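Chain by chain, the residues run as shown.
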Amino acid sequence: MTFSLVRRYKVLSYKARAQDTGSTGSPQDTCLTCQEIIKRTHGGIRYVLVAENRMSTLPSENSIEDASNRSFWMPGNYQPTVKRTEDAFQACNDIVACFQERARVERQYAQQLSEWSTKWKPVVDSSPLYGSLLKAWQCFLSSADRLASLHASICRSLVSEDGDRVRTWQKDTFHKKLFGGFKESQDIETGFTRAQKPWAKRLKKLDKVRRAYHKVSRKEHAARERELHAQGNPDVAIDKQKKIQEERELVQQEAEKVRARYEKVLEEVNRYVPRYMEEMESIFDQSQDEERKRIVFLKQALLSIHKHLDITNNESVRAVYNELHNTLMAIDEHEDLRWWKNTYGPGMPTDWPHFQEWIPEKKTKKGKKEVEKKGTIEKSVMIGGVRVRALYDYVGQETDELSFKAGEEFLKIEDEDDQGWCRGINDGGCEGLYPANYVEVV
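Residues numbered from 1 in each chain as written. Predicted model: local features only at pLDDT ≥ 70, side-chain atom pairs only at ≥ 80, totals over all residues. Heavy atoms only, no water.

Colleague: Break down the overall build of the protein chain for me, with residues and values.
Modeller: Along the protein chain, the regular secondary structure elements total 9 helices and 7 strands. Within the protein chain, residue pairs in contact and separated by at least 24 positions form 72% of the contacts whose partners lie at least 6 positions apart. Only carbon and sulfur atoms are counted for the fraction: they give 53% of the accessible area of the protein chain, which is about 27,900 Å². (Helix = DSSP H or I, 4+ residues; strand = E, 2+ residues; numbered from the N terminus. Contact = heavy atoms within 4.5 Å. Areas by Shrake-Rupley, 256 points an atom, 1.4 Å probe, with all protein chains shown as cover.)

What follows is the structure, encoded as structure tokens:
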């Protein structure tokens, strides 16, 4: 296989993935935001959809795009929830490594206490001091020996008891697949994918008819303007005016048909929303239940570690461990799950599909160059991204690839995909794919 074929395979994979996730057009075509309030009654399972139009708040296109891109309900945005399984597995490794290092600290401290006591014991025994004063000095050394023994036992508990407990639970809870990943995360992802597949198809169909409606609306608007211009112009013949009027009527009829089709598809999408939400929430609840079990276990594991470390006797040290104990006891799986739900799950705000009336663009008398320049700036601001610098020269082999020179800076607008490609846009407004390892973040 040549490099050209491999590169083209990567590009096609990127495009296919974007199509599977229901990607819809450019940011200029983003829907106006609305809030769908779903009310459920569990008798005959009745669903009521209430759409609240927020056009009066005039949200920016960036905020609308962000809400759609980050919402749990949009295709593919369940990945943070799926990734929790791998994150929890890694967290177990980090916890074990963290407290193994603490165990080494305890062992070293025990050794230092023992060495200190051994060094000073003959000096103290041969001291000219006598009586209770000598016994008081010797008590410092015997206390150090007892502390050394205690800290050595803490070291053994952290390694053999707490560490082994986490490792055993980790092995029983996470089941690795032959080719990487975990069975638990695969099951959750499969459930989400199946639930979102029909939803993504409906969104794609809705976007297609919406574009068609907006296109014919622009056409109808132009026909109306031609008719108004002809009616007020004595130089236009009567036959010509009549022909223009007929053209406008035909376009108007076409617009009405497309609008009806748009409304019908939108109604179908909204009817599907309750079923889609129910299926997605069912899979999400399964993920939440697994995460709750992980949180409960890790809470108990941390409390066990705290029990071994809490050897306080005096008030100052006791205050430190009491504060730690209170912090550990404050772990609340319900509050953690509620936060996750509102941040990455069904509790997130989303922009449900709604009808969009076409609004004609405002005419301007600005020069062509000034308009083009303004359009380029607005596009850069609207898309956002990360500023990167090219490490090597790269010449695009396809029309959808971005070419650049070493040292050139431009904007990365999409993260690296599974094939190692990113999407970027240069200062001239050219947009395309490029190899991720050809650049560095500025």
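Colleague: Describe the packing of aromatic side chains, with residues and values.
Modeller: Scanning the entire structure with this criterion turns up 21 aromatic pairs. Summarising the aromatic geometry, the rings of Phe72 and Phe284 are spaced 5.4 Å apart at their centres and angled 70 degrees between planes, so their arrangement reads as edge-to-face. Of this pair, Phe72 sits in the loop between helix H2 (61-70) and helix H3 (79-125) while Phe284 is found in helix H6 (residues 238-309), placing the two residues 212 residues apart along the sequence. An identical accessibility class is assigned to Phe72 and Phe284; each is buried. Among the aromatic residues, ring-to-ring pairing joins Phe72, Trp73, Tyr78, Phe192, Trp199, Tyr276 and Phe284 into one connected group. (Phe/Tyr/Trp six-rings, centres within 6.5 Å; stacked < 30°, edge-to-face > 60°. Buried < 20%, exposed > 50% of the residue type's maximum accessible area, 1.4 Å probe, protein only.)

Colleague: Describe the sheet that holds strand E4 (residues 409-414), listing the residues and the values that go with them.
Modeller: In space, the 5 strands of this open sheet follow the order E6-E5-E4-E3-E7, with antiparallel pairing throughout. Two strands in the sheet have a free side with no partner beyond their single neighbour: strand E6 (431-435) and strand E7 (439-441). The mean angle between the axes of side-by-side strands here comes to 45 degrees, regardless of whether they run parallel or antiparallel. Relative to E4, strand E3 (residues 386-390) runs antiparallel, the two sharing 4 bridges. In the sheet register, Val388 faces E4, and the bridge partner there is Phe410. (Pairing = 2+ DSSP bridges. Axes fitted to C-alpha atoms, helices over the stretch in contact; angles between N-to-C directions.)

Colleague: Before we move on, could you go through the pairing of E6 and cite the residues and values that matter?
Modeller: Summarising burial for E6: 4 of the 5 residues are buried, a large majority. Looking at chain direction, strand E5 (residues 421-425) and E6 are connected through 5 bridges and run antiparallel. Bridged to Arg423 within E6 is Leu433. In sequence, E5 turns back onto E6 through a hairpin of 5 residues, with Gly429 there showing a positive phi of about 95 degrees.

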